[in-house]
Amino acid sequence: TKQHPLALHTYCKPDQPIPLDTMVIHGITNNKVANAPKWLHVKDTFQEVIDDYVEYLVGHNIEFDIRMTGLDTSKVKVIDTLKLVKKLLPDLKSKKNMAIYYHYNGDIHYPLEGSAHTAIYDVYVTLWNLYKMLEEFNLTLEQAFDIISTNEVNGDKPVEDVTICPFNKHIGKKWSDVLKDEPDY
């Protein structure tokens, strides 16, 4: 995978006017996108970046975004943080992106124009959540991908058991307890 030097972010002008209730949620107005390109004019650029520079494509409920954009993700490994949180934190009452963010005491200082519920803000929140889950469960991106792709952990354990240590002196203990007792384990 090559390293792409830039973040790729743009608003797109929808085919229909943005409804008022949607503007209230996202803060994106018809005036803000009046001179923005249509999705069909930038889709190829996004596809090129995915094909040439992306190994892992991450999003919260990302399958929705893939369906809506029509992008081909067959060349990348897709990590859906919604699926991941359902498997790693099954007892978390809400699996919404912001609920996970607050669960991990998120404190992102948003550097770009916009507000919560814009796509770029969701990118920052999703990245924070993924980072915190990887950190808490001591996982690599590849392991996270395997967890949501194969429905198994360590080849033979159901994903629902991922919160339990499956080996050595801590077998059967919750990982959170193991890490409290032995942070360097």
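Above this text sits the structure in question.
All values derive from a computational prediction rather than experimental measurement.

### Here we look at the side chain of Asp80
- Its place among the elements puts Asp80 in strand β2 (residues 77-80).
- Notably, Asp80 is buried but unbridged: the nearest opposite-charge side chain belongs to Lys83, and the N-O separation is 5.2 Å.
- Beyond its immediate stretch of four places on either side in the chain, Asp80 contacts Gly59, His60, Asn61, Ile62, Glu63 and Ile148.

### Quick look at helix α2 (residues 39-53)
- Taking 1.5 Å per residue, 15 residues should reach 21 Å; α2 reaches 20 Å between its end C-alpha atoms and fits that length.
- Inspection of α2 places Val42, Phe46, Gln47, Val49 and Ile50 among the buried residues, and these make up the whole buried set. Angular distribution of buried residues about the axis of α2 spans 160°; they occupy a single face of the element. Structural note: α2 exposes Leu40, His41 and Asp44 on the side pointing more than 90 degrees away from its buried face.
- Those residues of α2 that are buried lie in contact with β1 (56-59).

### Remarks on the pattern of salt bridges
- Applying the stated rule across the entire model yields four salt bridges.
- With its nearest N and O atoms 3.2 Å apart, the salt bridge here joins Asp15 to Lys38. Taken as a pair, Asp15 in the segment before α1 (20-26) and Lys38 in the loop between α1 and α2 lie far apart in primary sequence, 23 residues in all.
- Take Lys38: its relative accessible area is 28%, and that puts it in the partly exposed class.
- Between Glu135 and Lys132 there is a salt bridge, and its shortest N-O distance comes to 3.1 Å. Residue Glu135 and its partner Lys132 are located together in helix α6 (residues 119-136), separated by three residues, close to a single helical turn.

Thresholds applied
- Residues numbered from 1 in each chain as written.
- Predicted model: local features only at pLDDT ≥ 70, side-chain atom pairs only at ≥ 80, totals over all residues.
- Heavy atoms only, no water.
- Helix = DSSP H or I, 4+ residues; strand = E, 2+ residues; numbered from the N terminus.
- Buried < 20%, exposed > 50% of the residue type's maximum accessible area, 1.4 Å probe, protein only.
- Lys, Arg positive; Asp, Glu negative; His and termini not counted.
- Salt bridge = Lys/Arg side-chain N within 4 Å of Asp/Glu carboxyl O.
- Contact = heavy atoms within 4.5 Å.
- Expected span 1.5 Å × (residues − 1).
- Arc of directions from axis to C-beta.

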